[in-house]
Amino acid sequence: MIYFDSDYMVGAHPEVLERLVETNGLHTVGYGRDEFTAEAKRVVLDACGIADGEVYFLEGGTQTNAVVIDRLLDHNDGVVAVDTAHINVHEAGAIESTGHKIITLPNRDGKLDAKALDSYIDGFYRDETNHYMVRPGMVYISYPTELGTVYSRQELADIGDVCRRWNIPLYVDGARLAYGLCADGAEVGLKDLAGMCDVFYIGGTKCGALFGEAVVTRHRDLLPRFVSLIKLHGATLAKGRLLGVQFTALFSNGLYERIGAHAVRLAMKLKAGFTEKGYRLYIDSPTNQQFFVLPNEKIDELKKVASFELWGPRGETETPVRFVTDWATTDADVDTLTAAL
């Protein structure tokens with residue numbers, strides 16, 4: 001069986017695991033107050049081109065989103081996101097459980113449209129009854145999106161302009177950031193992203209680490225007493241140095257980019273294999289997530305050799321499906337899958 005379900009189905013990239021093994025027997029203080037975490041913060045800030053900022057390490061994406069959004073919002077504020085956003089569809093109400101409403105707008109190929117965002121916020125403030133409504137207190141997007149698409153520089157700049165006009169922060173979920181940075185035709189680099197949003201996180205769990213995400217901001221004042229809030233959410237890792245060790249490895253010798261480029265190359269090969277045999281794209285993704293609409297009988301045939309996800313409920317005759325590549329995917333895996341078509 002070959003696996004294309006998601007990009008967290010294997011352990012750590014060998015270079016990350018090697019660094020964990022090398023440091024395994026060392027004693028350090030806990031809770032991220034160690035020298036490995038300090039080094040990782042320096043490495044990440046340097047990669048982002050941030051001279052004076054802050055980095056916080058957490059264990060997983062849902063946990064990270066819940067803690068960051070809880071900090072950025074006042075108690076009775078909501079977060080604006082598209083209807084397909086991960087926080088809205090696949091986080092089991094984690095954001096709502098902290099008392100914050102997700103205000104959804106229609107997506108365009110998985111992306112938030114700046115004009116629609118501006119129109120919504122403008123309408124909110126022009127409504128004389130808005131004091132009885134949930135205030136849009138921040139904006140959430142992901143890069144790449146839940147559908148594998150990426151924002152252009154102009155699209156990101158336009159969303160940022162709207163956020164500044166209404167004085168609310170822009171937060172970017174980077175769970176699969178390595179693949180967005182290395183997407184075919186991508187216009188946005190890590191330093192661009194760091195300069196265009198207020199808070200974002202660099203995904204490790206889906207990009208070669210055993211686990212871990214790095215929250216980055218240029219504006220320390222946006223996340224006051226953040227370490228305390230992480231603890232309140234039960235999200236403080238006692239062996240915090242494990243996160244620092246992994247991120248230093250990911251940002252050494254170009255590993256993060258190599259992981260992204262490898263997965264994207266194989267995703268493009270997989271896409272070509274499907275489209276050349278006449279199968280229809282569900283959406284045209286330039287990243288490591290590939291979506292197709294397949295006849296149900298073909299899905300059943302492929303399930304005998306490969307594991308992958310249906311993208312929503314099974315249809316009567318055909319169903320959207322998703323295939324995901326990662327650092328461990330091989331050319332042989334893709335060849336076996338396309339041969340089964």
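The structure under discussion appears in the preceding block.
Residue indices follow the written sequence of each chain, beginning from 1 at its first position. Where local features are concerned, this predicted model is filtered to residues with pLDDT of at least 70; where side-chain atom pairs are given and counted, the filter is 80 or more; whole-chain, interface and lining totals use all residues. Values reported for side chains reflect all heavy atoms of the structure, with hydrogen atoms and water molecules removed beforehand.

**Overview of the overall build of the chain**
For the purposes of this entry, the term helix denotes a DSSP run of H or I that reaches at least four residues, the term strand denotes a run of E that reaches at least two, and both are numbered from the N terminus. Within the chain, the secondary structure is distributed over 13 helices and 13 strands. The reference for a compact globule is 2.2 Å times residues^0.38; the radius of gyration itself is calculated from the C-alpha atoms. Compactness check: the chain gives a C-alpha radius of gyration of 20 Å against a globular reference of 20 Å for 341 residues, within 12% of the reference. Viewed in the frame of its principal axes, the chain has a C-alpha envelope of about 60 × 55 × 35 Å. Scored against the burial criterion, the 341 residues of the chain give a buried share of 54%. The contact rule is simple, with two residues in contact once any of their heavy atoms fall within 4.5 Å. Residue pairs in contact within the chain that sit at least 24 positions apart in sequence constitute 73% of those at least 6 positions apart. Accessible surface computed for the chain: about 14,800 Å², of which carbon and sulfur atoms make up 50%. Here Asp and Glu are counted as negative and Lys and Arg as positive; His is not counted, and neither are the chain ends. Charge positions are represented by NZ for Lys, CZ for Arg, CG for Asp and CD for Glu. Across the chain, the mean location of the 34 positive side-chain charges is 2 Å away from that of the 48 negative side-chain charges. Note on exposure labels: buried denotes an accessible area under 20% of the residue type's maximum, exposed denotes more than 50%, and partly exposed covers the range between, all computed with a 1.4 Å probe on protein chains only. All accessible-area figures derive from a Shrake-Rupley calculation using a 1.4 Å probe, and residue coverage is judged against the displayed protein chains alone.

**Let's talk about the layout of surface pockets**
In this structure, the largest pocket encloses a volume near 280 Å³. Residues are called lining when one of their atoms sits within 4 Å of a cavity or pocket point, these points coming from a 1 Å grid over the protein atoms alone, where a cavity is a set in which a 1.4 Å probe fits but cannot get out and a pocket is an open set with protein on both sides within 12 Å along at least five of seven lines. What lines the largest pocket is a set of 16 residues, among which Y31, G32, F57, V227 and I230 lie closest to the centre. Listed by contribution, the elements that provide at least two residues to the lining of the largest pocket are α2 (35–48), β2 (54–58) and α9 (226–232). With four residues, β2 is the largest single contributor of residues to the lining of the largest pocket. Its residues assigned to classes, the lining of the largest pocket comprises 10 nonpolar, four polar and two charged. If you trace the second largest pocket, you find 22 residues lining it, with H86, D173, A175, Y201 and K206 closest to the centre. At the level of secondary structure, the elements contributing two or more residues to the lining of the second largest pocket comprise α3 (61–72) and β5 (135–142). No other element matches α3, which puts three residues into the lining of the second largest pocket. By residue class, the composition of the lining of the second largest pocket is six nonpolar, 10 polar and six charged. Grid points are joined across faces, edges and corners, and a volume is the space filled by probe spheres set on the points. Gly falls in the polar group here, along with every residue not listed as nonpolar (Ala, Val, Leu, Ile, Met, Phe, Trp, Tyr, Cys, Pro) or charged (Asp, Glu, Lys, Arg).

**A short note on empty space enclosed by the protein**
If a probe as big as a water molecule is rolled over the atoms, it shows which places are left empty. Counted by the stated rule, this structure contains one cavity of 30 Å³ or more. In this structure, the largest cavity spans a volume of roughly 50 Å³. Looking at the largest cavity, the residues that line it are V82, T84, A85, G110, Y140, I141, S142, T145, E146 and Y151. It is β5 that contributes the most residues to the lining of the largest cavity, three residues altogether. Here the lining of the largest cavity is composed, by residue class, of five nonpolar, four polar and one charged.

**Side note on the packing of α2 against helix α10 (residues 241–250)**
Only C-alpha atoms enter the line fits that serve as axes; for helices the fit covers just the stretch in contact. Angles between N-to-C directions range over 0 to 180 degrees. One way to put it is that α2 packs onto α10 with a least axis distance of 7 Å and a crossing angle of 40 degrees. Seen along the crossing, α2 lies across α10 with a hand that is left-handed. Two secondary-structure elements touch here, α2 through F36, T37, E39, A40 and V43 and α10 through R241, G244, V245, F247 and T248. When grouped by side-chain class, the residues that make up the contact of α2 with α10 number five nonpolar, three polar and two charged. Throughout, a crossing is termed right-handed when the near helix is turned clockwise from the far one, and left-handed when it is turned anticlockwise from it by less than a right angle.

**Describing the sheet that holds strand β6 (residues 170–173)**
Backbone-to-backbone hydrogen bonds join strands into a sheet, with any given pair of strands oriented parallel or antiparallel. At least two DSSP bridges between two strands are needed for those strands to be called paired. Judged by pairing direction, the sheet is mixed, and its seven strands sit side by side in the order β2-β8-β7-β6-β5-β3-β4 without closing on themselves. In this open sheet, the two edge strands, each paired with only one partner strand, are β2 and β4 (102–105). Each adjacent strand pair in this sheet contributes to an overall mean axis angle of 25 degrees, direction not counted. With two bridges connecting them, β6 and strand β7 (residues 199–203) associate as parallel partners. In the sheet register, Y171 faces β7, and the bridge partner there is V199.

**Some remarks on the sheet that holds strand β12 (residues 309–310)**
Taken in spatial order, the four strands line up as β9-β10-β13-β12 in an open sheet, and their pairing is antiparallel. Whereas interior strands pair on both sides, the edge strands pair on one side only; in this sheet they are β9 (280–283) and β12. Bridge count between β9 and strand β10 (residues 289–295): three bridges; the pairing is antiparallel. When the sheet's bridge partners are listed, L281 is paired in β10 with F292. Running at roughly 20 degrees to β10, helix α11 (residues 255–276) makes contact with β9, β10 and β13 (318–324) of the sheet.

From the geometry alone we can't say anything about function, so treat these as descriptive.
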